[in-house]
Amino acid sequence: MNVIDLRSDTVTQPTPGMLDAMATAATGDDVYGEDPSVNRLEAELARRLGFAAALFVPTGTMSNLLALMAHCERGEEYIVGQQAHTYKYEGGGAAVLGSIQPQPLEAQADGSLDLDRVLEAIKPDDFHFAPTRLLALENTMQGKVLSLEYLARARAFTHEHGLALHLDGARLYNAAVKLGVEAREIARHFDSVSVCLSKGLGAPVGSVLCGSTALIAKARRLRKMVGGGMRQAGSLAAAGLYALDHHVQRLADDHANAQWLGEALREAGYPVEPVQTNMVYVQMGDRHQAFKDFAGERGIKLSTAPRLRMVTHMDVNRAQLEKVVQTFVAFSRN
Ligand SMILES: *Cc1c(COP(=O)(O)O)cnc(C)c1O
């Protein structure tokens, strides 16, 4: 059975072109700074996003951790969304490994953090409190794109209050493609940006952290400390370079597919949230486990949650999504 996997955009297989690029990549020992492909990926992404430096890391989780630890010292604090990946989905790494205190805030409906609430959460200069150092945003946030106007306000706000500004841009390119702007138009508002190559861009492994020369030097030291110094990583970097050259504009196809899926399910009577990029959220209530099993028997892999998330990506096409819609329809008749 040809499985349709809508759990995440992380599930894609490398394409023949990508595998070829990986197989023929020049490599060297990256801990010595001698891997030409890694160096090229870091330079290329720094250039594209408008930063002085960049660092290739195995995962988005490590990239965010290094950023948080580079911005905040032990006993300091970052402000972050309650549902943000850097707070909720990274095993508490900032607290465990960095001794950094998170100050989570509920996000607004559009995925942004209300800057008035952020202001209230900044700790006064008083020894009772952990010094607030950083605001961490996420874009896209559950498939939603933060507006450029909001990012400009967040930048001005953090400057005014002496905070650094980090972006978990795991899906930065989905946001850029959706807005129809160069990714640097988003990235330029931040002191550091983490980008995943292994989500919609379709690489098997890897994220890149971008920032100033000093910040990336600090992150490079921390990467070694947490065990992320890789050796002949050029084959992996080559997959990332290939993805940046071939898989950015095609994200628009994933967005169109998600849009189509959302429309079709709404027509079928399901409560679907508005779709912006490659994520479709449907309220399944207490039938979510039954539906997951029903779909699973028909070759469709889904997450389980009352608020079901389906993610489109390069390994799922329109014909497969038609089958997904038929499965939803069959389930509601069931
Ligand atoms: C996937 C993801 C990460 C972490 O990436 P991993 O490579 O899975 O560690 C970070 N932030 C967001 C928003 C993500 O979706």
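- As annotated in an unreviewed UniProt entry, the chain carries the name Threonine aldolase and comes from Pseudomonas trivialis.
- Under the Subunit (unreviewed entry) heading, UniProt states for the chain: "Homotetramer."
- According to UniProt, the comment filed for the chain under the heading Sequence similarities (unreviewed entry) is "Belongs to the threonine aldolase family."

## Quick notes on the packing of helix H8 (residues 172-179) against helix H12 (residues 251-267)
Right, on to step 1. For the pair H8 and H12, interaxial distance at closest approach is 9 Å and the crossing angle is 80 degrees. Here H8 lies roughly perpendicular to H12, going by the angle between them. Within the contact between the two elements, H8 uses Tyr173, Asn174, Val177 and Lys178 and H12 uses Leu251, Ala252 and His255.
Right, on to step 2. Along the lines of polarity and charge, the residues of the contact of H8 with H12 split into 4 nonpolar, 2 polar and 1 charged.

## So, the state of the cysteines
Right, on to step 1. For the structure on display, the rule yields 0 disulfides.
Right, on to step 2. Cysteine 210 supplies the cysteine sulfur nearest to cysteine 196, a cysteine that is in no disulfide, at a spacing of 12 Å.
Right, on to step 3. Cysteine 196 sits in the buried class, given a relative accessible area of 6%.
Right, on to step 4. Judged by relative accessible area, cysteine 210 falls into the buried class, the value being 0%.

## Quick look at helix H10 (residues 213-225)
Right, on to step 1. Between its first and last C-alpha, H10 extends 19 Å over 13 residues, near the 18 Å set by a 1.5 Å rise per residue.
Right, on to step 2. All of the buried residues in H10 are Leu215, Ile216, Ala219, Leu222 and Arg223. Each buried residue of H10 sits inside an arc of 120 degrees when the element is viewed along its axis, so together they form one side. Opposite the buried face of H10, at more than 90 degrees from it, the exposed residues are Thr213, Ala214, Arg221 and Met225.
Right, on to step 3. Each element contacted by the buried residues of H10 is listed here: helix H2 (36-49), strand E2 (53-57), helix H3 (60-71), strand E7 (192-196) and strand E8 (207-211).
Right, on to step 4. In the segment just after H10, glycine 227 is the residue with positive phi, at about 85 degrees.

## Things to note about the pattern of salt bridges
Should their charged atoms come close, side chains of opposite charge can pair.
Right, on to step 1. Overall, the coordinates contain 18 salt bridges when judged by the stated rule.
Right, on to step 2. A salt bridge links arginine 47 to glutamate 44, with the nearest nitrogen and oxygen atoms 2.9 Å apart. In this pair, arginine 47 and glutamate 44 are both assigned in helix H2, 3 residues apart and thus about one turn of the helix distant.
Right, on to step 3. For the salt bridge of aspartate 245 with arginine 48, the shortest nitrogen-to-oxygen distance reads 2.7 Å. Of the two residues, aspartate 245 sits in helix H11 (residues 234-246) while arginine 48 sits in helix H2, which places them 197 residues apart along the sequence.
Right, on to step 4. Owing to a relative accessible area of 52%, aspartate 245 belongs among the exposed residues under this scheme.
Right, on to step 5. Using a relative accessible area of 23% as the deciding quantity, one classes arginine 48 as partly exposed.
Right, on to step 6. Taken together, the shared-partner salt bridges in this structure form one network comprising Glu44, Arg47, Arg48 and Asp245.

## Things to note about the site of the ligand
Right, on to step 1. Close to the ligand lie Thr59, Gly60, Thr61, Asn64, His85, Glu90, Glu138, Asp168, Ala170, Arg171, Cys196 and Lys199.
Right, on to step 2. One nitrogen or oxygen atom from the side chain of aspartate 168 is found 2.6 Å from a nitrogen atom belonging to the ligand.
Right, on to step 3. If the ligand stood free it would expose 380 Å²; the protein chains cover 83% of that surface.
Right, on to step 4. In terms of residues, the shell around the ligand owes the most to one element, H3, which gives 3 residues.

## Describing the domain arrangement of the chain
Right, on to step 1. One can read the domain layout of the chain as domain 1 (14-246) and domain 2 (250-333).
Right, on to step 2. For domain 1 versus domain 2, the separation of C-alpha centres amounts to 29 Å.
Right, on to step 3. Between domain 1 and domain 2, the residue contacts involve 15 residues of the former and 12 residues of the latter.
Right, on to step 4. The contact between domain 1 and domain 2 buries some 1300 Å² in all, and 56% of this surface belongs to carbon and sulfur atoms.
Right, on to step 5. Linking domain 1 to domain 2 there are 0 salt bridges.
Right, on to step 6. Residue contributions to the side of domain 1 that touches domain 2 peak at 4 residues, all from H8.
Right, on to step 7. Grouping the amino acids of the side of domain 1 that touches domain 2 by side-chain chemistry returns 4 nonpolar, 8 polar and 3 charged.

## Overview of the pairing of E8
Sheet faces and side chains relate simply in a regular strand, where the side chains alternate between the two faces.
Right, on to step 1. Most of E8 is tucked away, with 5 of its 5 residues classed as buried.
Right, on to step 2. A two-sided burial pattern is seen for E8, the buried positions comprising Ser207, Leu209 and Gly211 on one face and Val208 and Cys210 on the other.
Right, on to step 3. With 5 bridges joining them, E2 and E8 adopt antiparallel strand pairing. Paired with alanine 53 across the two strands is glycine 211, which belongs to E8.
Right, on to step 4. Pairing between E7 and E8: 4 bridges, direction antiparallel. Along E8, the bridge assignment pairs cysteine 196 with serine 207.

So, how was this worked out
- Residues numbered from 1 in each chain as written.
- Predicted model: local features only at pLDDT ≥ 70, side-chain atom pairs only at ≥ 80, totals over all residues.
- Heavy atoms only, no water.
- UniProt positions renumbered as here; feature names shortened; annotations may be inferred.
- Axes fitted to C-alpha atoms, helices over the stretch in contact; angles between N-to-C directions.
- Helix = DSSP H or I, 4+ residues; strand = E, 2+ residues; numbered from the N terminus.
- Parallel < 35°, antiparallel > 145°, perpendicular 65-115°, else oblique.
- Contact = heavy atoms within 4.5 Å.
- Nonpolar A, V, L, I, M, F, W, Y, C, P; charged D, E, K, R; others polar.
- Disulfide = S-S within 2.5 Å.
- Buried < 20%, exposed > 50% of the residue type's maximum accessible area, 1.4 Å probe, protein only.
- Expected span 1.5 Å × (residues − 1).
- Arc of directions from axis to C-beta.
- Salt bridge = Lys/Arg side-chain N within 4 Å of Asp/Glu carboxyl O.
- Near = heavy atom within 4 Å.
- Polar contact = N/O pair within 3.5 Å; in protein donor to acceptor, adjacent residues only side chain to side chain.
- Areas by Shrake-Rupley, 256 points an atom, 1.4 Å probe, with all protein chains shown as cover.
- Domains from an automatic or database assignment.
- Buried area = accessible area lost by both parts, 1.4 Å probe.
- Pairing = 2+ DSSP bridges.

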